[in-house]
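# Commentary on secondary and tertiary structure
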Amino acid sequence: MKYISKDKAIVLLSDGTIFYGKSVGIKGTTTGEICFNTGVTGYQEIFTDPSYFGQIMLSTVAHIGNYGVHEEEVDSDGIKIAGLVCKNFSHHYSRPDAQGSLYDYFEKKNLIAVSDVDTRALVSYIRDNGAMNAVISTDGKSIDELKQILAEVPSMNGLELASSVSTKEPYFFGNENATYKVAAIDFGIKTNILRCLAERDCYVKVFPYNATKDQLDAFNPDGYFLSNGPGDPQPLTGVIEEVKKIVADGKPTFGICLGHQLIALSQEINTYKMFNGHRGINHPVMNIVSGKGEITSQNHGFAVVREDVENHSTVEITHYHLNDNTVAGIKIKDKQVFSVQYHPESSPGPNDSKYLFDQFVSYMKEYKGA
């Protein structure tokens with residue numbers, strides 16, 4: 001059994017607050033906006049979610065790493081979080097079909113992780129004081145050195161990150177003989193979203209974040225998909241103009257997370273940075289259309305302005321978050337264009353909202369039959 005030295009580690013917040021912990025064994029320093037996730041399981045899916053790019057993940061669950069890692073539980077081409085803060089880090093795992101330890105997984109990517117932190121106190125502090133930038137260090141840097149590093153970290157508000165995680169070249173996913181063709185724009189698309197579409201007889205062509213509508217239309221799709229992704233949607237001004245064209249086209253269009261926000265912005269509905277985002281697999285949402293509640297998987301730090309939707313003549317709210325009444329879903333009244341703020345692909349998370357993919361396919365079926 002390999003011995004792991006637990007050196008002293010520091011978590012420094014941008015307001016000067018300091019928390020202490022132990023290194024899990026990988027030396028270094030990393031920065032990002034610190035955020036917390038309330039999910040009890042699904043850590044590998046979380047760590048590989050491109051929507052977390054540029055963020056330090058704070059886990060509220062007591063144990064991380066206890067069931068190891070598996071190649072089928074990744075949601076992109078690799079780890080996307082900037083770093084990890086947790087209470088207990090398990091260097092060994094008990095799941096029989098795991099393919100390795102989380103420590104080895106992190107070590108290969110030189111991902112900095114801090115354990116033995118009073119995570120309950122840290123989460124409580126963030127809840128009271130809001131999301132903020134942080135630096136975590138396991139290599140002995142002084143507080144003054146870390147303050148200088150942290151001062152150079154840009155605010156997430158106004159930060160465009162989709163270009164950092166999007167594919168550089170188009171690629172295909174699924175069966176080329178499938179019934180439906182979907183043109184998807186990748187702002188940080190999760191692999192399980194593509195699986196959910198392929199399972200529903202869709203052949204997907206995934207385009208870079210800055211693809212034009214003309215480039216999408218060359219694929220002759222039956223519908224458009226706008227993916228999740230990291231960062232502030234407002235700086236994506238060129239993308240918003242293309243989304244306006246997509247919405248005006250009339251073909252079925254489905255947006256998730258950042259894609260949801262971009263559809264809103266294309267209709268002159270504003271977005272804002274939340275005091276604290278929604279991140280976890282246990283968020284309650286009310287479906288206004290069905291009248292049923294859904295337990296959802298969420299990961300976002302920006303949201304759509306509810307008053308703008310309520311005052312809009314052609315856009316309506318379809319879902320809202322039961323904890324704070326924020327907008328969780330919208331639809332354009334006279335078009336088959338809809339979006340949700342949460343993650344119906346359930347990776348990780350419950351399956352309550354996978355029906356949204358069926359709804360998208362039913363719209364394409366109707367469109368093809370028209």
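Preceding block: the structure.
Here the focus is the overall build of the protein. On a plain count of helices and strands, the protein comes out with 11 helices and 19 strands. Taking 2.2 N^0.38 as the reference for a compact globule, 370 residues should give roughly 21 Å; the C-alpha atoms of the protein span a radius of gyration of 21 Å, in line with that estimate. Judged by the C-alpha coordinates and their principal axes, the protein covers about 65 × 45 × 40 Å. Expressed as a percentage of the 370 residues in the protein, the buried residues total 59%. Intrachain contacts of the protein at a sequence separation of at least 6 include 73% that bridge at least 24 residues.

A separate point is the packing of helix H8 (residues 237–249) against helix H9 (residues 258–266). Relative orientation of the contacting elements H8 and H9 amounts to 80 degrees, with a least axis distance of 8 Å. Between H8 and H9, the angle is such that the two are roughly perpendicular. In this structure, H8 uses Val239, Ile240, Val243, Lys244 and Val247 to contact H9, whose residues at the interface are Leu262, Ile263, Leu265 and Ser266. The residue makeup of the contact of H8 with H9, split by class, is seven nonpolar, one polar and one charged.

A few words now on the pairing of strand S12 (residues 202–207). Summarising burial for S12: six of the six residues are buried, a large majority. Judged by which residues are buried, S12 turns out to be covered on both faces: Cys202, Val204 and Val206 on one side and Tyr203, Lys205 and Phe207 on the other are all buried. As defined by bridge partners, strand S10 (residues 171–173) adjoins S12 across three bridges and the pair is classed as antiparallel. Looking across to S12, one finds that Phe172 is bridged to Lys205. The pairing of strand S11 (residues 180–185) with S12 spans six bridges and is parallel. Residue pairing for S12: Lys181 is matched across the bridge by Tyr203. For the segment spanning S11, helix H6 (residues 191–198) and S12, crossover handedness is right-handed.

Turning our eyes to something else, we now look at the sheet that holds strand S6 (residues 83–85). Spatial ordering of the closed barrel is given by S1-S2-S8-S6-S4-S3-S9, a layout of seven strands whose pairing is mixed. Neighbouring strand axes in the sheet, compared pairwise and without regard to direction, differ in orientation by 35 degrees on average. Bridge count for strand S2 (residues 18–23) against strand S8 (residues 113–115) is two bridges, and the pairing is antiparallel. Looking at S8, one finds that Lys22 is bridged to Ser115. Against the sheet, helix H4 (residues 143–151) contacts strand S1 (8–13), S2, strand S3 (29–37) and strand S9 (132–137), and its axis sits at roughly 45 degrees relative to S1.

Taken as a whole and assessed by the stated rule, the structure comprises 13 aromatic pairs. With a centroid separation of 4.2 Å and 25 degrees between ring planes, the pair formed by Tyr43 and Tyr67 is classed as stacked. Note that Tyr43 is positioned in helix H1 (residues 43–47) and Tyr67 in the loop between strand S5 (63–64) and S6, a separation of 24 residues in sequence. The buried category is assigned to Tyr43, whose relative accessible area is 3%. For Tyr67, a relative accessible area of 17% gives the class buried. Judged by centre distance (5.5 Å) and plane angle (80 degrees), the rings of Phe338 and Tyr363 are edge-to-face. Taken together, the residues span a long stretch of sequence, with Phe338 in strand S19 (residues 337–340) and Tyr363 in helix H11 (residues 355–369) at a distance of 25 residues. Here a set of aromatic residues connected by ring pairs shows up, and it is made of Phe225, Phe254, Phe338, Phe357, Phe360 and Tyr363. The residue whose ring lies beneath Arg306 is Tyr320, and the NZ or CZ to ring-centre distance is 5.3 Å.

Time to look at the nonpolar core. By size, the foremost hydrophobic cluster in this structure holds 43 residues, and its most contacted members are Val11, Phe47, Leu84, Phe106 and Leu122. Among the elements that make up this core, the one with the highest residue count is helix H2 (residues 102–109) (four residues). Not counting residues within four places of it along the chain, the set of residues in contact with Leu84 comprises Phe47, Ile56, Met57, Ile64, Phe89, Phe106, Leu111, Ile112, Ala113, Val114 and Ile136. If you look at the next biggest cluster of nonpolar residues, it comprises 32 residues, including Tyr203, Val304, Ile330 and Val337.

Looking now at the pairing of strand S4 (residues 55–59). The element S4 is extensively covered by neighbouring structure, given that five of its five residues are classed as buried. Residues Gln55, Met57 and Ser59 of S4 are buried on one face, and the alternating residues Ile56 and Leu58, pointing to the opposite face, are buried as well. Looking at chain direction, S3 and S4 are connected through five bridges and run parallel. When the sheet's bridge partners are listed, Asn37 is paired in S4 with Ser59. With three bridges connecting them, S4 and S6 associate as parallel partners. By the bridge assignment, Leu58 is partnered in S6 with Val85.

So, how was this worked out
- Residues numbered from 1 in each chain as written.
- Predicted model: local features only at pLDDT ≥ 70, side-chain atom pairs only at ≥ 80, totals over all residues.
- Heavy atoms only, no water.
- Helix = DSSP H or I, 4+ residues; strand = E, 2+ residues; numbered from the N terminus.
- Rg over C-alpha atoms; globule rule 2.2 N^0.38 Å.
- Buried < 20%, exposed > 50% of the residue type's maximum accessible area, 1.4 Å probe, protein only.
- Contact = heavy atoms within 4.5 Å.
- Axes fitted to C-alpha atoms, helices over the stretch in contact; angles between N-to-C directions.
- Parallel < 35°, antiparallel > 145°, perpendicular 65-115°, else oblique.
- Nonpolar A, V, L, I, M, F, W, Y, C, P; charged D, E, K, R; others polar.
- Pairing = 2+ DSSP bridges.
- Right-handed = clockwise from strand over helix to strand, strands pointing away.
- Phe/Tyr/Trp six-rings, centres within 6.5 Å; stacked < 30°, edge-to-face > 60°.
- Lys NZ or Arg CZ within 6 Å of the ring centre and 35° of its normal.
- Core = buried A, V, L, I, M, F, W, Y, C linked by side-chain atoms within 4.5 Å.

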